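# Fold and contact review
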Amino acid sequence: MVTGEALIAYRALLRATRRSFAGDVEMLKASASEIRKKFEESRHVVSEIPRLLEEAREATQFISTMIVQAKLNERGGYEVKASQEHAGATLELPTEAMLRTKSV
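The protein is annotated in an unreviewed UniProt entry as Complex 1 LYR protein domain-containing protein from Brassica campestris.

## Examining the overall build of the protein
When helices and strands are tallied, the protein shows four helices and two strands. Secondary structure elements of the protein, listed N to C terminal, follow the sequence α-α-α-β-β-α. In the protein, the proportion of contacts linking residues at least 24 apart, taken out of those at least 6 apart, comes to 49%. As displayed, the protein offers around 7800 Å² of accessible surface, 58% of which is attributable to carbon and sulfur atoms.

## Section: the environment of alanine 12
Inspection of the secondary structure assignment puts alanine 12 in helix α1 (residues 2–20). Here the alpha-carbon distance between alanine 12 and alanine 56, two residues 44 residues apart in the chain, equals 8.6 Å.

## What about the nonpolar core?
One finds Ala9, Tyr10, Leu13, Leu14, Ala16, Ile35, Leu53, Ala56 and Ile63 forming the largest nonpolar core, which totals nine residues. Listed by contribution, the elements that provide at least two residues to this core are α1 and α3 (49–66). When residues in this core are grouped by element, the largest group, five residues, is from α1. Residue contacts for tyrosine 10: discarding those within four places in its chain leaves Ile35, Arg36 and Phe39.

## A few points about the pattern of salt bridges
Using the criterion set out here, one finds eight salt bridges in the structure. Arginine 43 serves as the salt-bridge partner of glutamate 40, at 2.8 Å between the closest nitrogen and oxygen. The network of salt bridges with common partners includes Glu34, Lys37 and Lys38.

## Let's talk about α3
Across its 18 residues, α3 extends 25 Å between first and last C-alpha, which sits within 8% of the 26 Å expected from 1.5 Å per residue. Of all the residues in α3, the buried ones are Leu53, Ala56, Thr60, Ile63, Ser64 and Thr65.

## Section: the environment of serine 64
Take serine 64: it is sitting in helix α3. For serine 64, the side chain forms a polar contact with the main-chain oxygen of threonine 60, separated by 2.9 Å.

## Some points on the side chain of serine 64
Serine 64 sits in the buried class, given a relative accessible area of 9%. At 3.2 Å, the side chain of serine 64 and the side chain of arginine 19 are in polar contact.

## Looking at the side chain of threonine 60
Take threonine 60: it is sitting in helix α3. We classify threonine 60 as buried; its relative accessible area is 14%. Leave out the neighbours within four places in its chain, and threonine 60 touches Ala9, Ala12, Leu13 and Ala16.

Rules and cut-offs
- Residues numbered from 1 in each chain as written.
- Predicted model: local features only at pLDDT ≥ 70, side-chain atom pairs only at ≥ 80, totals over all residues.
- Heavy atoms only, no water.
- Helix = DSSP H or I, 4+ residues; strand = E, 2+ residues; numbered from the N terminus.
- Contact = heavy atoms within 4.5 Å.
- Areas by Shrake-Rupley, 256 points an atom, 1.4 Å probe, with all protein chains shown as cover.
- Core = buried A, V, L, I, M, F, W, Y, C linked by side-chain atoms within 4.5 Å.
- Buried < 20%, exposed > 50% of the residue type's maximum accessible area, 1.4 Å probe, protein only.
- Salt bridge = Lys/Arg side-chain N within 4 Å of Asp/Glu carboxyl O.
- Expected span 1.5 Å × (residues − 1).
- Polar contact = N/O pair within 3.5 Å; in protein donor to acceptor, adjacent residues only side chain to side chain.

Next comes the structure, spelled out in structure tokens:
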């Protein structure tokens, strides 16, 4: 059933963001809001459901394997702790400008 598949994809995206943005309340709220918005926008789109579900699966995979948060340590620097899910992924370190604007 398509509704069930959409719900599974929705929940998988939320779980991926909770893991990737753990401890960052602002990003958790923003990502949950954006995910809900995208699913609501596509609620009545019947002809593109397979493509939309595939995009949701790809987004879940991307969030789970390509996003790693840098955390400020006690020395004033940032640390990145990649998990097993990130093995083999290319890590792009944030620039100082990115860190100052908190867009990371």
